[in-house]
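Examination of the molecular architecture
Read off the chains here:
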Amino acid sequence: MKLRIIRFNSVNSTNDEAIKLIKINKCYPSIISAKIQKKGRGTMGKKWISLKGNLFISIFFEIDKKKIKVDEFLKININLIKSILDEYSKYKIGIKFPNDLLVKGCKISGILQEIIEHKSKKFLIIGIGVNTFLSPKDKGIKTISLLDCSNRTLTNLILMNKIKIKYEKLISDINKFSSNYIKKKYI
């Protein structure tokens, strides 16, 4: 299944834009990207500091909770993003469950997963923030950029396209295979 790309210059939150689209019945599986995210959100009401130049995207698609449990998606999402960032980092990337990726104990990426119900259908929204080029200053949380960890050329467009390809494959596999196959392949 192909994901449509929807680009914005500036949004409050890419996840909020996904919710708006779902609520007006524009539910085609999509990736929303923004150059500027003014009010990025993290888990448990935390704020995601979105510095211009970093990657902010949200992916959304309809899910069947009978096929894959929501907590399994947390593991799938973190592992998918880790596998992409691993290609660029010369350092080991660790997972801080449920939704953070760390390099040398510093946060490089965060994922916010939300489930929205609309007209008896359930949609998974996966908000992904990557400190591609800049490290935000945040109280109590050390951060690092992918640029600081890499000796490869990178752009947000390249990262987004790699994420797009991986999620298109995941969605296709979910529609074709059993949950056991999906767990073995992605978790």
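Quick caveat, the model's predicted, so the values are computed rather than measured.

1. Description of the layout of surface pockets
- Taken as a whole, the largest pocket spans an internal volume of roughly 540 Å³.
- As for the largest pocket, its lining consists of 36 residues, and the residues nearest its centre are Gly42, Trp48, Asp100, Lys107 and Gly110.
- Going through the elements one at a time, helix H1 (14-23), strand E3 (55-63), strand E5 (100-103), strand E6 (106-118) and strand E7 (121-130) are the ones with two or more residues in the lining of the largest pocket.
- No other element matches the four residues that E6 contributes to the lining of the largest pocket.
- Here the residues of the lining of the largest pocket sort into 13 nonpolar, 15 polar and eight charged.
- In this structure, the second largest pocket occupies an estimated 280 Å³ of space.

2. A word on the packing of aromatic side chains
- Taken as a whole and judged by the stated rule, the model has two aromatic pairs.
- Residues Phe177 and Tyr181 carry aromatic rings whose centres are separated by 4.2 Å and whose planes lie at 35° to one another, so their mutual orientation is tilted.
- A residue is classified by how much of its surface remains accessible, and Phe177, at 33% relative accessible area, is partly exposed.
- Seen from the ring of Tyr91, Lys104 lies directly overhead, with NZ or CZ sitting 4.0 Å from the centre.
- Of note, Arg152 hangs over the ring of Tyr88, and the distance from its end group to the ring centre comes to 4.4 Å.

Reading the values: rules and limits
- Residues numbered from 1 in each chain as written.
- Predicted model: local features only at pLDDT ≥ 70, side-chain atom pairs only at ≥ 80, totals over all residues.
- Heavy atoms only, no water.
- 1 Å grid on protein atoms, 1.4 Å probe; cavity = no way out; pocket = protein on both sides within 12 Å on 5 of 7 lines; lining within 4 Å.
- Points joined across faces, edges and corners; volume = space filled by probe spheres on them.
- Helix = DSSP H or I, 4+ residues; strand = E, 2+ residues; numbered from the N terminus.
- Nonpolar A, V, L, I, M, F, W, Y, C, P; charged D, E, K, R; others polar.
- Phe/Tyr/Trp six-rings, centres within 6.5 Å; stacked < 30°, edge-to-face > 60°.
- Buried < 20%, exposed > 50% of the residue type's maximum accessible area, 1.4 Å probe, protein only.
- Lys NZ or Arg CZ within 6 Å of the ring centre and 35° of its normal.

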